[in-house]
Every structure is written in C-alpha cells, then in structure tokens.
Amino acid sequence: MANNDRVFIFDTTLRDGEQAPGASMNQKEKLDIAFALERLGVDIIEAGFPVISKGDFDSVRLVAENIKESTICGLARSIKKDIDAAAEALQSAKQKRIHVFLATSKIHMEHKFKKSQEQILQMAVDAVKYAKSKVDDVEFSPEDASRSDRDFIFKVLEEVIKVGATTVNIPDTVGYAMPAEYGGLIEAIRNNVPNIDKAVISTHCHDDLGVAVANSLAAVTRGARQVECTINGIGERAGNASMEEVVMAINTRSDFYGLKTGIKTREFLRTSHLVSKYTGFTVPPNKAIVGSNAFRHESGIHQDGILKERSTYEIMQPEDVGYVGTGLVLGKHSGRHAFKDRLRELGIVLSDEDLDKAFGRFKNVADKKKQVFDEDLIAIVDDEVHTFQETWHLDSITLQSGTNIPSKVSVTLKSDGQTHQKEVVGEGPVDTCYKAIDALTNVKGELMDYSIRSVSRGKDALGEVSVKVKFKGKGQTIIAHGTSTDILEASAKAYVNALNKLLSQEANRKKNS
Ligand code: KIV
Ligand code: ZN
C-alpha cells in the first residue's frame, strides 16, 4: 500500500483518558501504560499536559526519558508558559511533538476568552510559531472545531500550517457531530485549505452521543490520516474514540477502507486490562473487541455454526486481539518452569524476584482452586507485583459473622518487621475489617466505591475487589485492587493496597521536592 494509506494512531489515554473523572494514575502506572502503548506500536503517545501540575510535568518527562519507539507529545494551551513547560518536559524524548490548542467556536471565543476572530487567529499563529521554535513536530487543534464557523477554521488552519504546524487536529470536543457531518468537515478542510497537503489531518472525537468511533472512521474515508483515541475509549465525560475499535474496524474491513495502521493488535487485550486496572474503570462485558463477551457465543444455533465453520459468526479471530486459550493451563503439580513459560506466552515477563513471589502465590491458589485459568494467572501477577512500596502487609484475618450477630473481625498487619493486631466488632464484615485497618495504621479512609468481580469461572474462582478510597486529610482518591479466593481477604488487600499506594506517592513526592 502507498504511504498515503497509513493511518497514524495517536493515543491520548495518558492525557484525555486521565481527564476522565476518577481516572488519575501515578507516575509508575503511567510509565507502565506508556510501555504497553509502545509495545502496541502506537505512533504518538500524548503523555500529559505538563503545565497543569508538577506531577503531570514529571510524568511526561519520565515517559519522554523511557520511550524510544513512539513520538512523545505534550499538550499546551496557546500560551508561552504552557509551551515552555511542554518543551522542557519533552527535552529527552527521542521523537517529540508539542500539541497546541485554542478554541475557535463562537461560544468558546465569546464566553471563555472574550476575544474576536482576529485576536484568536493571531494567538494561534503566535503559539504555533513559538512551539516551532522549540520542536520540529507541532500539532495544532482548533478546540470545538465541529461547532466553529467553517470559513474561520479554514483560515486558522491555513495560517498555522504556514508557520509550521505539521498536524492539524479537528476536535469534536463536545461529541456533537454526526458521522456524515464530521466526515464532510474533513473533506471541506481538504478542499478549502490551500496548503493542507503540508499537514496531516487528524481526528479527535468525543463519545457524548455514542458516535466517536463512527466519526473517526467517517473522517478517515475523507482523508484524515491520524486518529486520536484512547484504550477502552476512556476520556473526558463519555470518553474518546476507542483505539481498539477504530483499529479493528480498519483492519477487519480493509476491503472497505483500503488503509492500514502500525498497531500490533495482539497487544490489545493485555493493554486494555492494564488500563482498566490502573484507572479502576471496568470494561463492560459487551464492549466491542475487549469485553469478556466479545467473542463468546451463547445461542445453540451460533455455537453449532461456529463448530462447523468459525466464519459463520466470527468476523475477527479472538487471537488477533490477544485472547489466549482459556482452558486449564496449570495445576498444583506444575513447576516454576512451566509457570514462567505460560506467563511468557501470555506476554508477561517478570524479574526473578517477582517471579518467585508470583509463583509462591500460584502454588497457594492452586492448592485451593481445582482449575487455574489464564485469567487467574494474570490476576495473581497483578496482585503480587506492585507499582508501590508495601509499607503495610496483610498477614491474616479472622472473621466471626452471621445473619443475626454483629461481625467480629481480627486483622493482623505487618510493617517494618513488626506485627500489629486489632479486633473490632461492627456491622458488616467488610466495614468492620476496614475499621480495624484504620485503627492499626492510624489513617482513616472513606470508601468511595467498592466492586467485586469473579476473575474466572467456577464457585472457587478468584475474586477481585476494586476500591476507591479517600483518606482523611489527603486530597486525592486512590484506586486499588486485591485478589483472593476469599472475599474478605480480597477486600482487605484492596484497602491496604490503597493505603500503600498513597504512602508511596507521598514518599515519592517528598523525594522529588
Ligand atoms: O477535546 C478536545 O478538544 C481536546 C483538545 C485539547 C484536543 O481534548
Ligand atoms: Zn478531548
């Protein structure tokens, strides 16, 4: 295929995705996701908005220092200090881009800026010129483009391209456009911006009306060659176009689109799990491509068809997006070697120390559970290999509870080689257990959200508890997980992990200040 058939994938999970309410991630988590995006073959990773906070600045810098294959991008308003911060954070990136944005719709110009079209045009040109003095690769976004006056955006795009913008992104900021309309806008830009051949046209679609993916795809049929998207479609409000859906549509319907991307689609499932784990946003079972039901066939007629010929009801191969066989893989007699090999097949490579921890836990689970599935192995590794220091370690819990009696929970925690134990009587087992942990650690947490899911099948399945906790006197909420065949143990682990995460973040902040 000619080069013009290549669609660049610009991932904004770490920037727009992280703007989703409650999705904030720590630096280590962001770096893990950046590595996963690099493995996926993402062309451009928007790593954050450096001027927003020291944390954002540091995360962009960390990603820039570590990622070699993808271009690293930092977002900036059309203001010098934003562009300076982005340039500085990106300094060590092998390939870097500054993404400058400025609203062009009447609503935004009047209410946010109280500025005329002429003033906005000048600001955009000045900002792109300034960004260009810092890096070669500059992207410009007329925010709220889909609700902007068309002649005005044509003019803005022409002028920013003249001063060096190499990508012009067309945001449907509020998810208002319909596919034919958005596709039409892209075509109009191609026909009315005289120097448009000097820049790549990009899409950035929000999902408020559920058409972000459809809009992005309509745009590529009309000449857009970069799609901005996120893993699992996370993002501000209803989210952004989902990368896995856009890419799989382009691949599966190559007969229709005649286009290609550089994405290694077999990494989708793993990356989706990672983003879900770190943001605490569970993927709905019916979510296209990465939902747990996406390749499951329930009806007898469909199952019969599939057994005779897969293509009767399957338009994609599950393996192509990273599903691995979910049959029984390992049992309690399996050794460290087999365990390590299976993890490698699942794309998980651990250090010797982490492998020892995960293997010890596997043996423990295999003793309790008849069948150990791939999903269990992934959950075991997630539970044992942390992105934070384990200041407090859950040693044991005992519970006395019943329908008509209060719960009595005794929790034993270890910290710095010391053992601490506390018994509390209260209303429900989970609440009582959390009260005991608060008392032991001297930090009071408020549970903002709690959910539990079964990791794999069967009554003896591992349960994964996700919690969102706000600790007294601390600003941010923390999302954490715990896994066990025992629900109370999983709940306690999740809560202790949340506290450990908070303490690690505080320690890192202190170290860096
Ligand atoms: O939705 C939007 O308009 C944005 C811009 C910053 C590109 O996220
Ligand atoms: Zn956006």
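Residues numbered from 1 in each chain as written. Chains lettered and ligands numbered in written order. Predicted model: local features only at pLDDT ≥ 70, side-chain atom pairs only at ≥ 80, totals over all residues. Heavy atoms only, no water.

## Considering the pattern of salt bridges
- The tally for this structure, following the rule as stated, stands at 38 salt bridges.
- With a shortest N-O distance of 2.8 Å, Lys501 and Glu29 are connected by a salt bridge. Here Glu29 lies in helix 1 (residues 27-40) and Lys501 lies in helix 17 (residues 487-512), a separation of 472 residues in the sequence.
- Taken together, the shared-partner salt bridges connect Lys155, Glu158, Glu159 and Lys162 into one network. (Salt bridge = Lys/Arg side-chain N within 4 Å of Asp/Glu carboxyl O. Helix = DSSP H or I, 4+ residues; strand = E, 2+ residues; numbered from the N terminus.)

## Some remarks on empty space enclosed by the protein
- Counted according to the given criterion, the structure contains one cavity of 30 Å³ or more.
- Taken as a whole, the largest cavity spans an internal volume of roughly 170 Å³.
- Along its surface, the largest cavity is lined by 17 residues, and Lys277, Asp382, His386, Phe388 and His481 are the ones closest to its centre.
- Contributions of two or more residues to the lining of the largest cavity are made by helix 11 (268-279), helix 15 (374-384), strand 14 (477-484) and helix 17.
- The biggest single contributor to the lining of the largest cavity is strand 14, with four residues.
- Here the lining of the largest cavity is built from residues that sort into six nonpolar, five polar and six charged. (1 Å grid on protein atoms, 1.4 Å probe; cavity = no way out; pocket = protein on both sides within 12 Å on 5 of 7 lines; lining within 4 Å. Points joined across faces, edges and corners; volume = space filled by probe spheres on them. Nonpolar A, V, L, I, M, F, W, Y, C, P; charged D, E, K, R; others polar.)

## Notes on the domain arrangement of the protein
- Domains assigned within the protein are domain 1 (8-279), domain 2 (324-384) and domain 3 (393-512).
- Relative to domain 3, the C-alpha centre of domain 1 lies at a distance of 38 Å.
- In total, about 560 Å² of surface goes out of reach between domain 1 and domain 3, with carbon and sulfur atoms giving 42% of it.
- Per-residue buried area on domain 1 facing domain 3 is highest for Gly22, Asn26 and Lys277; these three make up 50% of the total on that side.
- In this assembly, domain 1 and domain 3 are joined by one salt bridge.
- Our count for the domain 1 to domain 3 interface comes out at two residue pairs in polar contact (both at pLDDT 80 or more). (Domains from an automatic or database assignment. Buried area = accessible area lost by both parts, 1.4 Å probe. Polar contact = N/O pair within 3.5 Å; in protein donor to acceptor, adjacent residues only side chain to side chain.)

## Regarding the packing of aromatic side chains
- Considering all chains together, one arrives at eight aromatic pairs under this definition.
- Taking the centre distance of 4.9 Å and the plane angle of 85° together, the rings of Phe256 and Tyr257 count as edge-to-face.
- Their ring planes at 55° and their centres at 6.2 Å tell us that Phe471 and Tyr495 sit as a pair that is tilted. You can see Phe471 sitting in strand 13 (residues 463-471) and its partner Tyr495 sitting in helix 17, a full 24 residues away along the chain.
- Through pairs of rings, three or more aromatic residues link up here, namely Phe339, Phe359 and Phe362. (Phe/Tyr/Trp six-rings, centres within 6.5 Å; stacked < 30°, edge-to-face > 60°.)

## So, the layout of surface pockets
- The volume enclosed by the second largest pocket comes to roughly 780 Å³.
- Around the second largest pocket sit 33 residues that line it, and Met25, Asn26, Gln27, Lys30 and Gly55 are the ones nearest its centre.
- Among the elements of the structure, helix 1, helix 2 (54-66), strand 14 and helix 17 are those that each provide at least two residues to the lining of the second largest pocket.
- The element best represented in the lining of the second largest pocket is helix 17, accounting for six residues.
- Its residues assigned to classes, the lining of the second largest pocket comprises eight nonpolar, 15 polar and 10 charged.
- Both domains that furnish three or more residues to the lining of the second largest pocket are identified here as domain 1 (8-279) and domain 3 (393-512).

## Focus: the site of ligand 1
- Every residue near ligand 1 is listed here: Arg15, Asp16, His99, Phe101, Ser141, Glu143, Asn169, Pro171, Thr173, His204 and His206.
- In the model, an oxygen atom of ligand 1 is placed 3.0 Å from a nitrogen or oxygen of the Arg15 side chain.
- Here an oxygen atom of ligand 1 sits 2.6 Å away from a polar atom, N or O, in the side chain of Thr173.
- Relative to its free-state accessible area of 260 Å², ligand 1 is covered by the protein chains to the extent of 94%.
- Where the shell around ligand 1 is concerned, the elements lending two or more residues are strand 4 (96-103), strand 5 (137-143) and strand 6 (167-172).
- Here the residues of the shell around ligand 1 sort into two nonpolar, six polar and three charged. (Near = heavy atom within 4 Å. Areas by Shrake-Rupley, 256 points an atom, 1.4 Å probe, with all protein chains shown as cover.)

## A word on helix 13 (residues 336-345)
- For helix 13, the complete set of buried residues consists of Phe339, Arg342 and Leu343. Down the axis of helix 13, the sector holding all buried residues measures 100°, keeping them to one side. Structural note: helix 13 exposes His337 and Glu345 on the side pointing more than 90 degrees away from its buried face.
- Buried positions along helix 13 lie against helix 14 (352-368) and helix 15. (Buried < 20%, exposed > 50% of the residue type's maximum accessible area, 1.4 Å probe, protein only. Arc of directions from axis to C-beta. Contact = heavy atoms within 4.5 Å.)

## Details of the nonpolar core
- Grouped together as the largest cluster of nonpolar side chains are 91 residues, with contacts concentrated most on Ile72, Ile98, Phe140, Ile170, Ile189, Met243 and Phe268.
- Here Ile72 is in contact with Ile45, Ala47, Val63, Ala64, Ile67, Leu90, Ala93, Gln95, Lys96 and Arg97, once residues within four sequence places are set aside.
- Counting 27 residues, the second-largest nonpolar core is a separate cluster that includes Leu394, Leu413, Val496 and Ala498. (Core = buried A, V, L, I, M, F, W, Y, C linked by side-chain atoms within 4.5 Å.)

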